[in-house]
Amino acid sequence: LHPSKDIVIPGAYSILFSSSLSILKALNFCLKLNILHRDVKPKNVGWDSKNQICKLFDFDLAYFLKDEKDRCFEEEIGTKGFRAPEVDDPTKYGG
């Protein structure tokens, strides 16, 4: 947004920052438990207005990592359009 050209909602940047940070914290928490969500998208993120944090939903595609060599995947998992670009076209990224 450009303040002189766009309408700026007071507090919008702090809400965006805090929600982004809470999503990253949730993903980090999952990773510490050796869990990969594998389908992070807007539909799978909710806002808890009471606690002012985002929460992750829908762990149907989640995967429990058994060991270090378990971190490479060859199958395409996740919702098309929300996956990393190297998953959709590995030839462009050295795959």
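Look above for the structure.
1. Describing the overall build of the protein
Here comes step 1: Looking only at helices and strands, one finds two helices and four strands in the protein.
Here comes step 2: Helices and strands in the protein line up, N terminus first, as α-β-β-β-β-α.
Here comes step 3: The long-range fraction of contacts in the protein, counting pairs at least 24 apart against all pairs at least 6 apart in sequence, stands at 47%.
Here comes step 4: Summed over all atoms, the accessible surface of the protein reaches about 7,500 Å², with 61% contributed by carbon and sulfur.

2. Considerations on the pattern of salt bridges
Here comes step 1: Scanning all chains against the criterion turns up two salt bridges.
Here comes step 2: In this structure, Asp39 engages Lys41 in a salt bridge whose closest nitrogen and oxygen atoms are separated by 3.7 Å.
Here comes step 3: Given the relative accessible area of 7%, Asp39 is considered buried.
Here comes step 4: In this structure, the salt-bridge partner of Lys55 is Asp48, at a minimum N-O distance of 3.3 Å.
Here comes step 5: Given a relative accessible area of 15%, Asp48 falls into the buried group.

3. Regarding the side chain of Asn44
Here comes step 1: Looking at the element boundaries, Asn44 is found in the loop between strand S1 (35–36) and strand S2 (45–48).
Here comes step 2: A distance of 2.7 Å separates a polar atom in the side chain of Asn44 from the backbone oxygen of Asp39.
Here comes step 3: Other than its neighbours up to four places away in sequence, Asn44 contacts His37, Asp39, Lys55, Leu56, Phe57 and Asp58.

Parameters and conventions
- Residues numbered from 1 in each chain as written.
- Predicted model: local features only at pLDDT ≥ 70, side-chain atom pairs only at ≥ 80, totals over all residues.
- Heavy atoms only, no water.
- Helix = DSSP H or I, 4+ residues; strand = E, 2+ residues; numbered from the N terminus.
- Contact = heavy atoms within 4.5 Å.
- Areas by Shrake-Rupley, 256 points an atom, 1.4 Å probe, with all protein chains shown as cover.
- Salt bridge = Lys/Arg side-chain N within 4 Å of Asp/Glu carboxyl O.
- Buried < 20%, exposed > 50% of the residue type's maximum accessible area, 1.4 Å probe, protein only.
- Polar contact = N/O pair within 3.5 Å; in protein donor to acceptor, adjacent residues only side chain to side chain.

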